[in-house]
Structure formats: structure tokens, C-alpha cells
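Descriptive analysis of the structure
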Amino acid sequence: MSLETLTKSWEPMSYGFLDASAKREIRRKTLKAIAVPGCQIPYASREVPMARGWGTGGLQVSCTLINPDMRVKVIDQGADDSVNAASIRKFLARVSGAPVTMDTLEADLIQSRHRIPEEKLREDQVLVLQVPNPEPLRPVQPNMSIARQMHADADYGRMWLQLYEQIVRSGRVMQGASYPSLVNGRFVMTPSPIPRWDVPKMDMAAHLTILSAGREKRLHAVPPYTRVEPLVFDDVPFRVEDHGRLVCTRSGARGFFMNEIPQEDGTSSFEVSDSELGVKTIHRRDGDAARIGETWYTDGEMAQ
Amino acid sequence: MTAHPAPSEFEARTNATFEALMWALSRPGLTRDLPAPGQAGIVEALLDRECNVHCADPDLARIAAATGAALVTQEQADHLFLDMLPGADALRQIALGSDLYPETGATLVCNARLGQGAALRISGPGCNGAVDVKVAGLPDGFWQMRARLMRYPMGFELFLVAGAQVLGVPRSSQVEVI
Amino acid sequence: MAYVATRGGERAIEQSERLFRAEMGEITADRVAEMRKALPYLVDRVMGEASLYDEDLAALALAQTGGELYEAVLLLRAWRTTQPRLTVAEPVTQENLFTHRRISAAFKDIPGGQVLGPTLDYAHRILATEVLSGENFLPTPVEPASRPSPAQQPSVAAWQAENDLLTAPEPDTASGNTIPDITREPLLFPAKRAHTLQSLARAETGGVLALGYAAQRGYGQNHPTVNELRLAEADIRVRHPRGTEFSAGRVKVSQAEVVSKSGSDLGLGYAATLGWNEVKVIAAATLDLNAKGAPKGSATEEEFFLYHTEGVESSGFCIHFKLPHYVTFQSSLDAMHDARAKKAAQAKRAPKTDISPQVESAE
């Protein structure tokens with residue numbers, strides 16, 4: 001045996017940046033995450049050339065999955081042109097040579113921070129969500145060891161109590177994004193800080209979702225066709241943001257999640273948050289060809 | 001440090017193997033194509049120094065040992081590679097993980113014949129309704145024993161390999177013999 | 001085409017990076033070599049926090065980031081991710097360390113003597129402003145001692161254990177692959193001893209100091225006495241696949257033993273790191289000393305201090321708040337608007353109730 005057999009031949013950078021060992025670990029942990037939907041699987045989480053908290057968890061999963069035939073889309077807050085989305089997209093293309101796209105319909109792999117696209121994802125697509133805090137119990141139990149025990153016992157009483165208290169105090173559940181949801185009837189997970197608008201898209205979806213928190217070193221998954229139920233009381237139904245009737249001032253798109261843009265006169269205007277859907281809607285309005293896929297919401301209502 | 005965006009043969013192979021395994025487990029009961037026949041490709045795509053592995057086939061054990069993984073008994077293994085199970089009782093020796101760490105439940109890879117033999121109905125996460133498959137080459141009472149042992153979220157994952165085809169059955173699947 | 005017009009983002013990103021790099025100008029091998037020579041303690045700190053020992057690469061990381069320490073450490077750790085692991089070195093034992101400095105505050109004198117070595121401890125901290133007006137600062141030459149101090153010495157704790165003053169920790173027999181490695185496996189609690197010591201070794205100096213200082217001031221259960229502080233060099237011995245053992249070179253290391261005096265036995269806290277960094281190892285050893293039996297959620301609880309002294313994670317998370325959060329903000333705003341409307345409607349019918357602040361999870 002020589003050193004040569006132990007190591008690999010020199011490359012300026014590993015394909016997909018991560019060393020083969022790092023990828024093997026992510027592969028093993030991803031398989032377990034898929035097998036136990038919603039369960040947080042700890043992993044070593046290598047450092048990548050981006051600061052922690054900036055999508056390093058999602059990036060490690062994307063770097064593991066990527067190959068030269070995989071078309072990649074990256075969004076942040078729904079936008080492809082957001083600075084960090086642009087930076088991650090550039091990095092992924094640079095380390096893998098994979099083609100990039102902004103069109104949800106064309107993408108094989110979508111890495112996203114805080115949104116699920118408005119066009120329905122298909123059985124062959126993977127959505128990788130960046131997760132700042134993987135622990136839905138953190139607001140009621142900051143200690144991770146205790147929280148883990150609570151998951152083991154399916155002890156979610158304090159979670160329910162917190163929601164109940166919000167209803168008593170404020171007349172409604174005050175949870176904005178990151179709405180805690182029960183996966184496959186067993187684990188409460190955070191769907192990552194997606195708005196409530198996006199949570200119903202996860203229930204029995206056709207695509208695979210992998211949620212990865214690089215800083216907190218945990219990943220979890222929602223396989224296709226898996227139940228995802230936001231925690232609600234029977235008599236207080238789950239409510240998405242009241243955006244169903246809003247119209248995008250730029251594109252005219254209506255019935256999707258919007259960004260509120262404060263105006264100087266004190267009013268607000270709205271822009272569709274899924275930027276590429278906005279672009280496609282503009283193309284269509286201008287008479288250019290643009291294919292808009294089936295959307296989860298129609299006229300602001302989620303299809304049943 | 002400049003980009004070098006061309007995967008080596010090893011990278012391309014292990015990447016494709018994992019993709020097949022990922023989809024096999026995401027869609028239980030639907031077969032996927034591995035880039036090469038046999039279990040060796042799964043060994044090189046998954047195993048590393050951190051793993052404890054049990055291989056029935058001595059040639060495969062040599063490949064597994066070269067990854068740095070420790071060769072251990074069935075009970076201690078987090079990954080098991082078997083040709084054929086001697087009997088359903090062998091499943092009793094497979095690590096199921098714990099409530100606190102379900103992910104320490106093992107991954108079992110064994111050979112089977114797909115598309116013939118016992119008719120199974122698989123349901124659970126990943127199944128758009130129930131999925132019917134036929135699997136031969138497993139010992140009698142295998143599925144009943146599996147069902148008896150699983151204590152979800154504790155359990156083990158199963159990959160059935162037939163040549164270059166793989167079928168996945170995660171612990172979250174209910175399997176009914178019909 | 002309104003949306004398309006907003007896609008100037010990528011150009012802006014590129015220019016902002018150029019602006020940062022323009023300030024440092026051209027980076028040459030000479031500059032890196034000069035930084036390595038001029039800033040050994042800074043280079044040590046970066047190597048320790050990155051858990052990667054290479055003075056040239058650490059100096060390069062500092063040069064490339066203009067001394068932005070968090071960035072330099074991240075740069076080096078990210079490079080580390082791309083490197084394969086060839087082998088695991090033989091264990092380094094305390095008595096085999098090549099010692100430059102070894103002092104004890106617990107005893108006036110210790111076997112082997114108090115070896116001061118290089119330190120500014122007793123220097124007057126006066127800025128040599130004359131350098132700026134062209135008068136070079138030339139350090140006064142060192143006068144060698146008549147008798148060199150022994151290069152190798154056992155630890156003070158080993159002597160105390162022999163004399164039944166403390167219970168020495170069980171020797172750890174793990175070697176090679178069986179040593180748990182925090183960079184290749186997740187940190188879980190209760191943490192493996194190796195993971196605790198490794199996490200402290202690569203913790204951020206300022207973070208360790210803040211929490212260690214809190215423990216020292218009274219938020220811990222035990223007040224530390226520095227049993228031994230040591231700056232040394234460790235010979236890294238590696239076994240060739242053929243079986244022969246050889247030296248791969250020396251690395252600078254620091255270690256601290258601190259003891260508590262409460263109870264019938266001395267309690268022992270320990271920390272070590274790559275490079276010479278005294279503040280870090282004393283503070284880290286203080287945390288280690290206080291970890292046993294610390295209340296959940298206190299600063300000296302293992303989970304608390306190991307998570308919160310991880311510099312790459314804490315600094316990254318801190319700056320991530322610069323990223324846009326308007327979707328989550330919008331989502332909360334929507335709930336707030338609705339709750340207000342409900343409140344207004346309710347106020348017409350019943351006495352006023354307050355909307356209490358909600359616990360927000362990190363996003």
C-alpha cells in the first residue's frame with residue numbers, strides 16, 4: 001500500500017465542492033430522513049464557502065445531489081434575482097457545471113429559502129429548503145436534548161398549549177411563517193420559514209422535499225405523497241395569509257402570495273412574490289410565449 | 001482554486017447510485033435503475049469510516065473494508081449486505097435504532113427477484129394510493145416478521161436488488177401480502 | 001418587462017466583492033510570508049479555530065480577508081472540507097510535549113520548575129510610537145539561562161493524582177479510526193468526551209472567554225485555579241501503511257488544567273487547542289470544570305456553551321440577519337393585521353384586552 005492508494009489524484013476542487021466523504025454522510029442521512037418523514041436527522045455539516053445561516057444546509061444537500069444533467073433553480077423569498085439566490089446559483093453552477101434555470105417547470109432541483117414556488121412541482125422534482133431552525137419546539141423548549149426526548153415521546157402538549165394561548169390572547173393563532181406541522185401523523189416539524197400560504201402545498205405533494213439546516217446540523221424530509229397537517233384545533237381552522245384577492249401591480253397576476261411594497265402616500269402596492277411567475281405573466285400579457293404550469297392556488301383558493 | 005466541473009467516473013457512478021436509492025425509498029415499491037448491477041455500487045456510494053457493516057459475501061466484504069468501514073456482526077451493523085436471508089428469523093438481529101435516535105436503525109440490502117413471486121401491497125408515505133408489486137426470493141414469513149419487528153419510528157430500511165434494479169421499502173411503509 | 005429590469009442584482013454583488021478586495025490590493029506570496037512572520041499569535045488563533053494546522057494557509061486566509069477573523073476562519077474551514085483524510089496520527093501525550101512555557105498558580109514551585117517562556121504578562125503595555133516617526137523597534141536580545149529547563153515534563157495533575165489529591169481521568173484508549181471526530185459526525189448530548197474537547201479546541205476565542213468569564217465571575221459553580229498552563233510543541237507521529245512510524249512535523253499547542261477546591265477532591269477542568277492561545281484554553285478549561293452537574297440552560301451547561309462558542313456558526317447566523325426576511329415578515333404582519341381587526345371589533349362589544357408579544361422562532 002502506498003499513500004497514492006489512500007488518497008485521490010489531485011483536483012483543484014472536488015466535483016460539487018464537497019469531499020466524497022462528506023457526500024456519503026449526507027446520502028446516508030438523507031435516506032434515513034426520507035424513511036422517517038419529519039424526523040430531524042443529525043449530521044456533521046461540513047463548512048462550505050458560505051457563511052452559516054446563508055443556506056449552507058441546503059447547499060450541502062444540493063452539492064451532494066448535483067450532476068451535470070441536473071437543471072438547478074435557486075430562489076430566496078420567492079425571487080431568483082435576490083442577491084443570495086444569485087450567489088448560490090452561481091456557486092452551484094461553478095462547482096458542478098450544472099445548467100441553471102429560473103423556470104420552475106424546467107428545474108430538476110430547486111433550492112429555496114422561505115418559499116415554495118406557485119406552480120405545482122412534479123414527481124421528478126426535488127425541492128431543497130434552507131432551514132435556519134429545524135426545531136419546532138424551540139419556542140417552548142430551547143434545550144435541544146430535552147426537545148429530542150419530547151419528539152421521542154411524541155410529547156407535543158406544550159406546542160398545542162402555545163397555540164391555544166395565542167388564540168385566547170389574540171383571538172387567533174399568531175404564528176406567521178414556520179407553521180408547525182405534523183408529518184405522517186407522527187413527527188411535528190417546521191416546514192422552514194415558508195409562509196402559511198405554502199404549507200398546504202406540502203400535503204400529499206408529488207415532489208420530494210428535503211429540509212436542511214447547516215448551522216444546526218439537522219436535516220429532515222417530506223417524501224412525495226406524505227401527509228403534512230398544520231397543527232390546528234377542530235373549531236379554529238388553519239388560515240393562510242389573506243392574499244387571495246390581491247393583484248400584482250407589475251404583472252397583473254392575481255391570487256398568489258404577494259410582497260407588500262409601502263408607498264410614499266401611506267398606502268401599499270403588491271407584487272407577486274414568485275418572481276418568475278411574475279415574469280411569465282408579464283410575457284403573456286405582452287403577447288409573448290410563456291408556459292405557466294398548473295398552480296397550487298386558483299383564483300386565490302387552494303384546490304381541494 | 002478554480003472550478004473543475006467534470007465529475008470523475010467514481011463521482012458519476014456514486015451520484016447516480018444514490019439518486020436511484022433516494023427515489024427508491026421516496027417511492028416505495030417502484031423499481032429504479034442502478035448504474036451497475038449488484039450491491040457493490042451501493043457500498044461505494046454510502047459507506048465510509050464512520051460505518052459498521054456486515055457483508056455476507058467475502059468479496060463484497062473486501063470492498064466494504066476498503067472504504068474504511070468496520071466489518072462487524074449483524075447485530076452491530078448499521079448497513080447489512082446479504083445475498084439471501086437464511087430465514088425470516090434473521091431479521092431479529094437487525095438494529096432498529098431507538099426512539100431518541102430512530103436514524104440508527106439499520107439499512108438492509110439483499111437480493112431478490114422482482115416482478116415474480118408473492119404479491120405485495122405497499123402503502124404509506126411515498127405511495128400515491130397503494131402500490132402492488134411482486135417479489136420472490138425472500139424467506140417465508142419475511143413480511144410478517146418485518147411487520148412484527150417494526151416499532152415506528154424505530155425500524156430498518158430495506159433495499160431489494162435484482163441485477164441493476166432496486167426497490168426500496170422504508171420503515172414507514174405498510175406491506176400487505178395479498 | 002418590469003421584473004427583468006430589477007435583475008441588476010448579480011452585477012451589484014460582483015461589484016461589492018470587488019470593492020472589498022480593492023482595499024487589500026494585490027496579494028503576493030511575500031505579503032503572506034510577512035503576515036505569517038509578523039502575526040504568529042493571530043495565525044495561531046485562526047488555525048486553532050479552523051482546526052487546521054498550516055501557518056501558510058492561515059496567513060493566506062488572513063491576507064485574503066484583510067484580517068476579518070470570522071471570514072478567515074470560515075475560509076480555512078471551507079478549504080478543510082475539500083481535503084481527504086489520509087490517516088490519524090498517534091496520540092500525543094502530555095509528558096512528550098516539547099515545552100516552551102509551563103506555569104502553575106496552584107504551587108509556588110512545581111516539579112520541573114516554573115518555566116515562564118515567552119510572555120507579555122509582566123511587560124508594561126506601552127505603544128512604541130517612535131516607530132511611526134522612523135525609529136525602528138529592535139527587541140533586546142534574550143540572554144539564555146545558564147541551565148536549560150527540561151523540555152519534557154508530566155502535567156501537574158499527574159503529580160496530584162499520584163498524591164491522591166485528585167482522581168485522574170481514565171486514560172482514553174481510543175486510537176485511529178475509533179476516535180470520535182466532531183468534523184465528521186454530529187454533536188449530540190450528552191456529548192462524547194472527545195467531542196467536548198474538540199469543540200472547545202475549535203471554539204471562537206471571544207465566545208469562550210465571554211462564557212468562561214461569566215463562570216469565573218460567579219455564574220458557575222466552581223472557581224478555577226490554574227493548575228498548569230502550558231505552551232508547547234507536539235511531535236506529530238504518523239504510521240505509514242507499511243507499519244513504520246515517522247514524524248510529520250511539529251505543531252504548536254496550548255493546554256490548561258484548572259482545578260476547583262470545593263469538596264474533598266480537587267475537580268479538574270481541561271482544554272487544549274492548536275496554536276498558542278492562553279486566554280482561550282484557560283476560559284475553556286473553566287467551562288469544562290463547571291460543566292458537570294450544571295443546570296439546564298445555564299452558561300456552564302455543556303449544550304449551552306458548546307453551541308454558543310462555535311464561531312463559524314454564531315458569526316454566520318448573526319450576519320444572516322442582513323438577508324431579506326420580507327416573506328416571513330409579511331406572514332407575521334398578516335396575522336397581526338387580522339388580530340388587530342378582531343381586537344377592534346371586540347372592543348366595540350367588550351372591555352379591551354392586550355395582545356401579548358409572541359415568542360418568535362429564529363428565521
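What comes next concerns the included structure. (Residues numbered from 1 in each chain as written. Chains lettered and ligands numbered in written order. Predicted model: local features only at pLDDT ≥ 70, side-chain atom pairs only at ≥ 80, totals over all residues. Heavy atoms only, no water.)

1. Structural notes on the overall build of chain C
Operational definition: Secondary structure is summarised from DSSP: a helix means a run of H or I of at least four residues, a strand means a run of E of at least two, and numbering begins at the N terminus for each. Restricting the calculation to C-alpha atoms gives the radius of gyration, and the globule rule supplies 2.2 Å times the number of residues raised to the power 0.38. Remark: exposure states derive from per-residue accessible area (1.4 Å probe, protein chains only) relative to the maximum for the residue type, with buried under 20%, exposed over 50%, and partly exposed in between. Throughout, a contact is declared for two residues whenever any of their heavy atoms are within 4.5 Å. Reported accessibility uses the Shrake-Rupley method at a 1.4 Å probe radius. Residues are deemed covered only where the shown protein chains occlude them.
For chain C, the helix and strand inventory stands at 13 helices and four strands. Rg of the C-alpha trace for chain C: 26 Å, well past the compact-globule value of 21 Å for 363 residues, more than 25% over. Evaluated residue by residue, chain C yields a buried proportion of 38% over its 363 residues. Relative to all contacts within chain C whose residues are 6 or more apart in sequence, the contacts with residues 24 or more apart total 63%. For chain C, the accessible surface area stands at approximately 20500 Å², while carbon and sulfur atoms represent 58% of it.

2. Observations concerning the pairing of strand β4 (residues 267-274) of chain C
All names here are of chain C. Note the threshold: By definition, two strands form a pair when at least two bridges between them are found by DSSP.
Two strands pair when backbone bridges link them, and strand β3 (residues 245-260) and β4 are joined in this way by eight bridges, in the antiparallel orientation. If you follow S260 over to β4, its bridge partner there is G267. Hairpin connection, β3 to β4: the antiparallel pair is bridged by six residues, and G263 has positive phi, about 90°.

3. Re the interface of chain A and chain B
Under the convention used in this document: A quick way to say it: buried area is the sum, across both parts, of accessible area lost when two parts are put together, with a 1.4 Å probe. Here, a salt bridge means any side-chain nitrogen of Lys or Arg that lies within 4 Å of a carboxyl oxygen of Asp or Glu. As used in this structure description, the phrase polar contact means that two N or O atoms lie within 3.5 Å; if the pair is within protein, one of them must be able to donate a hydrogen and the other to accept it, and residues adjacent in sequence are counted only when both atoms belong to side chains. Three residue categories are used. Nonpolar comprises Ala, Val, Leu, Ile, Met, Phe, Trp, Tyr, Cys and Pro, charged comprises Asp, Glu, Lys and Arg, and polar comprises the others, including Gly.
Contact with chain A, which involves 47 residues of that partner, is made by 47 residues of chain B. Of the roughly 3900 Å² buried between chain A and chain B on both sides combined, carbon and sulfur atoms contribute 61%. The tally of links between chain A and chain B comes to six salt bridges. Put simply, A:K23 and B:E11 hold a salt bridge, and the shortest N to O gap is 2.9 Å. The interface formed by chain A and chain B holds 22 residue pairs in polar contact (both at pLDDT 80 or more) in total. Breaking the side of chain A that touches chain B down by element, the ones donating at least two residues are α2 (20-35), β1 (41-42), α3 (56-65), α4 (83-96), α5 (144-152) and β7 (208-213) of chain A. Among the elements that make up the side of chain A that touches chain B, the one with the highest residue count is α2(A) (11 residues). Class assignment for the residues of the side of chain A that touches chain B results in 26 nonpolar, 10 polar and 11 charged.

4. Some remarks on the packing of helix α9 (residues 205-219) of chain C against helix α10 (residues 278-291) of chain C
For any two helices packed against each other, one specifies the inter-axial angle together with the distance between the axes. Residues and elements named next belong to chain C. In plain terms, the rule: Throughout, an axis means a line fitted to C-alpha atoms (over the contacting stretch in the case of helices), and angles, computed between N-to-C directions, take values from 0 to 180 degrees. In what follows, roughly perpendicular refers to angles from 65 to 115 degrees, roughly parallel to angles under 35, roughly antiparallel to angles over 145, and oblique to any angle outside these ranges. Working rule for handedness: look at the near helix, and if it is turned counterclockwise from the far one by less than a right angle, call the crossing left-handed; if clockwise, right-handed.
Across the interface, α9 lies against α10 with an axial gap of 8 Å and an inter-helix angle of 50°. By the angle between their directions, the pair α9 and α10 is classed as oblique. Where α9 crosses over α10, the two elements pack in a sense that is left-handed. For the pair α9 and α10, contact is made by T205, V208, L209, L211, G212, A215 and Q216 and by V279, K280, I282, A283, A284, T286, L287 and N290, respectively. Here the contact of α9 with α10 is built from residues that sort into nine nonpolar, five polar and one charged.

5. Looking at the sheet that holds strand β6 (residues 187-189) of chain A
Residue and element names in this part refer to chain A. What the three strands build is an open sheet, ordered β6-β5-β9; its pairing is antiparallel. Only two strands of the sheet have a single neighbouring strand rather than two, namely β6 and β9 (228-230). Across the sheet, the axes of successive neighbouring strands diverge by a mean angle of 35°, strand direction being ignored. When strand β5 (residues 181-183) meets β6, the two strands line up antiparallel, connected through three bridges. Opposite V183, over in β6, you have F187 as the bridge partner.

6. What to know about the pattern of salt bridges
Proximity of charged atoms lets side chains of opposite charge pair with each other. Scanning all chains against the criterion turns up 61 salt bridges over all chains. Between A:R196 and C:D334 there is a salt bridge, with the nearest N and O atoms lying 2.6 Å from each other. Residue A:R196 is found in the loop between β6 and α7 (199-202), and its partner C:D334 is found in helix α13 (residues 326-349); the two belong to separate chains. You'll find A:R196 and C:D334 in the same group, each marked buried. Between C:E228 and C:R102 there is a salt bridge, with the nearest N and O atoms lying 3.4 Å from each other.

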